[in-house]
Amino acid sequence: MPTAQDLGDDRPIAMLTAYDAVTAEIADAAGVDVLLVGDSMGNAVLGYDTTLPVTVDEVASRTGAVVRGVDDALVVADMPFLSFGVDESEAIKNCGRMIQEEGADGIKLESGPHTVALTERLTQLGIPVMAHLGLTPQRINQLGGYSRQGTTREAADEIRDLAVAHEDAGAFALVLEHVPANLAAAVTEELSIPTIGIGAGPDCDGQVLVLTDAVGLSDWAPSFSKQFGDVRGEMAAAVEDYVEAVTEGSFPADEHTYVEEDL
Ligand code: KIV
């Protein structure tokens, strides 16, 4: 069983999100190193427009499902909006629940100046923390959209400083989302913990995508994402075939049917 400390030793890290046991099992068997139970579940599978309505209970329940589907991959629970940053003991309870009750290997915090001390405290308590800088979607109401971050010298310096502060506070890895590739490369060079990029170019120590985007299940995906399959198309075709078979009466056929002779 890998630990957070094993990440990024010899080759790029492949990380994906997962929100249920069956996709976690498939991703784990395919060799994914880290499964993030992302609060992106809000948009990806729960039908919300943003990640903001996602609750601690939703992340907890889905973290347990992902853990049950996995043999090898590291499972990281993504702490939802306002589950941290308001009250320290509440944050520790919420993060600890993912480890103690659901079996996660670590938690992720959308990070900023307010998460440096919390990262240190959680790490001291034995809760591995993945930091997340750049585009942090829980700030959508301040950002006004999902645009690239760190595009000015000042903003880039702030990300670099916060990256170092979170490494110093004990974070075991850092997600860099939607930042210029040269900024991600500079941060990666500067840190000794692994960086995992999404829309951050090729020079991070690993990459992460939202699973439903990567397999082609989402109806929309950001331009920095790549669709490696057409699961939406496959699923639509399978369901259409099913509906047709039921409505024309060809399903269930003899091979799907059992008759008890003595009745
Ligand atoms: O919630 C999520 O899926 C994430 C990744 C995009 C890093 O935070």
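Up top you'll find the structure we're talking about.
Okay, so let's go over this structure. Counting from 1, residues in each chain are numbered in the order their sequence is written. For a predicted model such as this one, the threshold for reporting local features is a pLDDT of at least 70, and the threshold for listing and counting side-chain atom pairs is 80 or more; totals across whole chains, interfaces and linings nevertheless cover every residue. Side-chain metrics rest on all non-hydrogen atoms present in the structure, leaving aside hydrogens and water.

### Details of the overall build of the protein
Counted only if it meets this: Working definition: helices are DSSP H or I runs of at least four residues, strands are E runs of at least two. Numbering for both runs from the N terminus. The buried label applies to any residue whose accessible area, calculated with a 1.4 Å probe on protein chains only, is under 20% of its type's maximum; exposed applies above 50%, and partly exposed to all values in between. Accessibility throughout is a Shrake-Rupley quantity obtained with a 1.4 Å probe, and a residue counts as covered only by protein chains that appear here. Charge counting treats Lys and Arg as positive and Asp and Glu as negative, with His and both chain ends excluded. For charged residues, the charge sits on one atom: NZ in Lys, CZ in Arg, CG in Asp, CD in Glu.
Within the protein one finds 10 helices and 8 strands. C-alpha extents for the protein along the principal axes are approximately 75 × 40 × 35 Å. The buried share of the protein, taken over its 263 residues, is 46%. Put simply, the protein shows about 13400 Å² of open surface, and 51% of that area lies on carbon and sulfur atoms. Positive and negative side-chain charges of the protein, numbering 13 and 46 respectively, have mean locations separated by a distance of 9 Å.

### Considering the environment of His256
By the secondary structure assignment, His256 is in the segment after helix H10 (231-248). Assessed through its relative accessible area of 47%, His256 is described here as partly exposed. Measuring from C-alpha to C-alpha, the distance between His256 and Phe81 comes to 47 Å, with 175 residues separating the pair along the chain.

### Let's talk about a nonpolar patch on the surface
Quick reminder of the rule: Patch membership requires over 30% relative accessible area and the absence of a salt bridge. Like charges are linked within 9 Å, and nonpolar side chains (Val, Leu, Ile, Met, Phe, Trp, Tyr) within 5 Å. The salt bridge definition used is simple: a Lys or Arg side-chain nitrogen within 4 Å of an Asp or Glu carboxyl oxygen.
Nonpolar side chains collect at one region of the surface, where Met235, Val239, Tyr242, Val243, Val246 and Phe251 lie side by side and expose about 540 Å² of accessible area between them. Structurally, Val246 can be placed in helix H10. Overall, the relative accessible area of 39% leaves Val246 in the partly exposed class.

### Some thoughts on the sheet that holds strand E2 (residues 34-37)
How we decide: Strands are labelled as partners when DSSP assigns at least two bridges between them. Every axis corresponds to a line fitted to the C-alpha atoms, with the helix fit spanning only the stretch in contact, and the corresponding angles, defined between N-to-C directions, vary from 0 to 180 degrees. The contact definition used throughout considers only heavy atoms, calling two residues in contact when any of these lie within 4.5 Å.
If you walk around this closed barrel you meet the 8 strands as E1-E2-E3-E4-E5-E6-E7-E8, and the pairing is parallel. Strand-to-strand twist across the sheet, computed as the mean angle between neighbouring axes with direction ignored, equals 25°. Alignment of E2 against strand E3 (residues 74-78), held across 4 bridges, turns out to be parallel. Within E3, the position partnered with Val34 by the bridge is Leu74. Helix H7 (residues 153-169) rests against strand E5 (129-134) and strand E6 (173-177) of the sheet, and its axis sits at about 175° to E5.

### Thoughts on the site of the ligand
The line we're drawing: Being near a molecule or strand, for a residue, means having at least one of its heavy atoms within 4 Å of it. Polar contacts, as used here, are pairs of N or O atoms within 3.5 Å; protein pairs need one atom able to donate a hydrogen and one able to accept it. Residues neighboring in sequence count only if both atoms are side-chain atoms.
Surrounding the ligand, one finds Thr17, Leu36, Gly38, Asp39, Ser40, Asp78, Lys108, His132, Val175, Glu177 and Ile198. Separating an oxygen atom of the ligand from a side-chain N or O atom of Asp78 is a distance of 3.0 Å. With respect to the ligand, the side chain of Lys108 contributes an N or O atom lying 3.0 Å from an oxygen atom. Taken by itself the ligand offers 260 Å² of open surface, and the protein chains cover 95% of this.

### Observations regarding unusual backbone geometry
In this chain, Phe251 is followed by Pro252 through a cis amide linkage whose omega measures 0°. Its location among the elements puts Pro252 in the segment after H10. Within the chain, Leu82 stands out as a residue other than glycine whose phi angle is a positive 65°. Along the polypeptide, Leu82 turns up in the loop between E3 and helix H4 (88-100). When its relative accessible area of 54% is taken as the criterion, Leu82 is described as exposed. Residue His178 is not a glycine yet carries a positive backbone phi of 50°. Inspection of the secondary structure assignment puts His178 in the loop between E6 and helix H8 (181-190).

### Observations regarding H8
Spelled out, the test is: The directions from the helix axis to the C-beta atoms are what the arc is built from.
Turning to H8, its buried residues are Leu183, Ala184, Val187 and Thr188. In an axial view of H8, the angular spread of the buried residues amounts to 135°, which keeps them on one side of the axis. Summarising the geometry of H8, the exposed residues directed more than 90 degrees from the buried face are Asn182 and Glu189. Looking at the packing, one finds that the buried side of H8 touches H7, E6 and strand E7 (195-198).

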